[in-house]
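Letter by letter, the chains look like this.
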Amino acid sequence: MVAQEKDRTVVADEALGYPIIVAPGVVGCMNEFLLSRSYRDVVVLCDANPAVRTIAQRLVRRLRPQARLLAFALGERRKRLSTLEVVLDGLTTVGAERTTLLIGVGGGVASDLFGFAAATYMRGTAYAHVATSLVAMVDAAIGGKTGVDLAGGKNLAGAFRDPVAVFCDLDALQTLPYRHLREGLAEIVKAAIIEGGDLFEGLETLAAHPFYRWPWESIVVDAIRIKAAIVRDDRLEAGDRELLNLGHTFAHAFERAGGYRMSHGAAVAVGLRAAGMLALRLGRFSEEEHLRVLALLALLRLPMHAALDVDATLAAMGADKKVRKGRLRFVLPRAIGDVEHGIVARRATVRNVLERVRLRPGAAG
Ligand code: GLY
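The paragraphs below set out a description of the structure included in this document. Keep in mind that this is a model prediction, so the values were computed, not measured.

## Here we look at the site of the ligand
So, step 1. Within the structure, the ligand sits among D139, K145, K227, E237, R241, L244 and N245.
So, step 2. K145 has a polar side-chain atom sitting 2.9 Å from an oxygen atom of the ligand.
So, step 3. Between the ligand and R241 there is a distance of 2.7 Å, counted from an oxygen atom to a side-chain nitrogen or oxygen.
So, step 4. Alone, the ligand offers 200 Å² of accessible surface; in the complex the protein occludes 91% of this.
So, step 5. Split into classes, the residues belonging to the shell around the ligand amount to one nonpolar, one polar and five charged.

Okay, structure coming up:
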């Protein structure tokens, strides 16, 4: 599943059928990849945020074959059909064809949205993603989920469509605002709760050290390996892939009820706490393990409360893709290293958890 090659680590090539390349700076890897394929035409789509645009411009200058660049204002609140239309129109304007390779550059929103554009443009064009945020590297860009939010809920329109390759640019982590890097850790904590063992213990140890001393390559590779192993066995989320939604039923509802002002990483951090509390209340998780997860979240200085409207959040949960016959279903920890999915909970119990994670005015976050 993990192969070390020259200056990079290649993950999941055989498991998923496409390589996930983790390296500091990815232009060289990208050119080698393009040489090994026969794409004659490349269009790079990037988030217009200055740090990401700089990475995309550098890529475009050095890519062979020469690529054209289109930049779009993104952000959690723009992951909508209206933005998708702007991207698709941009592709027609530059004359992208069905055989054009589209390369998306950016974080989680870019990966979901540009991936969806590639899945739909001319009924499907080849797509590669250059992940520039931690959330994209360890979650969003891996596994072929693409999509946008609808007024009715998060990620409600989309397609499963595998990329031809994913490049995780470790250098980009240095350009991330500190807060984004920290919040991206929530997805890694999620992977660590699913896997348990060394990754969880490793994070407990690393939490005491400044980020510049963290072995980012091995952490990113570990989280990708965990996700890829689950996705390999359940590409379309008919079963165990739901495990990757640990904390996300809460997180997506926080995001939607809050008008997508909360970052996904922050929402996942609070969602992990809420999932642990719910599992505890249902008698499916021990207090000791729950406190160990909370201690890790606290050591990583991840948020554990959200400014939320409980009724609106409960209503938003009703639009979760895991709801069946109107019943809320959750992914919950049974132990660190043992997570279960499809757990039904009563609304009153969920409400109680939401009351506990709600940030009260004047209270510390
Ligand atoms: N983000 C969860 C998944 O890809 O299944």
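From this point, the narrative continues.
## Here's the deal with unusual backbone geometry
So, step 1. Phi at K6 takes a positive value of approximately 40°, unusual for a residue other than glycine.
So, step 2. Relative to the assigned elements, K6 resides in the loop between strand 1 (2-5) and strand 2 (8-11).
So, step 3. The class of K6 is exposed, set by a relative accessible area of 66%.
So, step 4. Its identity as a non-glycine residue notwithstanding, Y260 has a phi of 60°, on the positive side.
So, step 5. Note on placement: Y260 falls in the loop between helix 11 (248-257) and helix 12 (264-281).

## Concerning the packing of aromatic side chains
Pairs of aromatic rings are described using the distance from one ring centre to the other and the angle between the two planes.
So, step 1. Counted according to the given criterion, the structure contains eight aromatic pairs.
So, step 2. Between F33 and F167, the ring centres sit 5.8 Å apart and the planes meet at 75°, which makes this aromatic pair edge-to-face. Here F33, found in helix 2 (residues 27-36), pairs with F167, found in strand 10 (residues 165-169); they are 134 residues apart in sequence, far enough to count as distant.
So, step 3. Judged by its relative accessible area of 6%, F33 is buried.
So, step 4. Ring geometry for F250 and F254: centres 6.3 Å apart, planes at 35°, overall tilted. Of the two residues, F250 and F254 are both situated in helix 11; the distance of four residues between them amounts to about one turn of the helix.
So, step 5. The class of F254 is buried, set by a relative accessible area of 3%.

## A few points about helix 4 (residues 81-93)
So, step 1. Over its 13 residues, helix 4 extends 18 Å from the first C-alpha to the last, a length consistent with the 18 Å expected when each residue adds 1.5 Å.
So, step 2. Regarding helix 4, the residues found buried are T83, L84, V87, G90 and L91. On an axial view of helix 4, the arc spanned by its buried residues comes to 120°, and they lie on one face.

## Points about the pattern of salt bridges
So, step 1. This model, assessed by the stated rule, comprises 25 salt bridges.
So, step 2. Across the pair D149 and K79 runs a salt bridge, and its minimum N-O distance is 3.8 Å. Remark: K79 occurs in the loop between strand 5 (67-72) and helix 4 and D149 occurs in strand 8 (residues 145-150); sequence separation between them is 70 residues.
So, step 3. Of the residues examined, D149 reaches a relative accessible area of 0% and is grouped as buried.

## A closer look at the pairing of strand 10
So, step 1. Of all five residues in strand 10, five are buried; the element is thus mostly enclosed.
So, step 2. What you see with strand 10 is no split at all: A165, F167 and D169 on one side and V166 and C168 on the other are buried throughout.
So, step 3. Here strand 7 (residues 127-131) runs beside strand 10; their pairing, made up of four bridges, is parallel. For A128, the partnering residue across the bridge sits in strand 10 and is A165.

## Some remarks on the packing of helix 8 (residues 178-195) against helix 9 (residues 197-206)
So, step 1. Axis separation between helix 8 and helix 9 bottoms out at 7 Å; the angle between their running directions is 135°. Relative to helix 9, the element helix 8 lies oblique. Here the hand of the crossing between helix 8 and helix 9 comes out left-handed. Mapping the contact onto sequence places I188, V189, A191, A192, I193 and E195 in helix 8 and G197, L199, F200 and L203 in helix 9.
So, step 2. Looking at the contact of helix 8 with helix 9 residue by residue, the classes come out as eight nonpolar, one polar and one charged.

## Let's talk about the side chain of S111
So, step 1. Position of S111 among the secondary structure elements: in helix 5 (residues 108-120).
So, step 2. The class for S111 is buried, based on a relative accessible area of 5%.
So, step 3. Sequence-distant contacts of S111, defined by excluding residues within four places in its chain, comprise Y127, H129, A140 and A141.

## With respect to the environment of L170
So, step 1. You can see L170 is positioned in helix 7 (residues 170-173).
So, step 2. In this structure the C-alpha to C-alpha distance between L170 and S133, which are 37 residues apart in sequence, comes to 8.9 Å.
So, step 3. Not counting the four nearest positions on each side in its chain, L170 is found in contact with V22, A23, P24, G25, M137, W216, E217 and V220.

Cut-offs used in this document
- Residues numbered from 1 in each chain as written.
- Predicted model: local features only at pLDDT ≥ 70, side-chain atom pairs only at ≥ 80, totals over all residues.
- Heavy atoms only, no water.
- Near = heavy atom within 4 Å.
- Polar contact = N/O pair within 3.5 Å; in protein donor to acceptor, adjacent residues only side chain to side chain.
- Areas by Shrake-Rupley, 256 points an atom, 1.4 Å probe, with all protein chains shown as cover.
- Nonpolar A, V, L, I, M, F, W, Y, C, P; charged D, E, K, R; others polar.
- Helix = DSSP H or I, 4+ residues; strand = E, 2+ residues; numbered from the N terminus.
- Buried < 20%, exposed > 50% of the residue type's maximum accessible area, 1.4 Å probe, protein only.
- Phe/Tyr/Trp six-rings, centres within 6.5 Å; stacked < 30°, edge-to-face > 60°.
- Expected span 1.5 Å × (residues − 1).
- Arc of directions from axis to C-beta.
- Salt bridge = Lys/Arg side-chain N within 4 Å of Asp/Glu carboxyl O.
- Pairing = 2+ DSSP bridges.
- Axes fitted to C-alpha atoms, helices over the stretch in contact; angles between N-to-C directions.
- Parallel < 35°, antiparallel > 145°, perpendicular 65-115°, else oblique.
- Left-handed = near helix turned anticlockwise from the far one by under 90°.
- Contact = heavy atoms within 4.5 Å.

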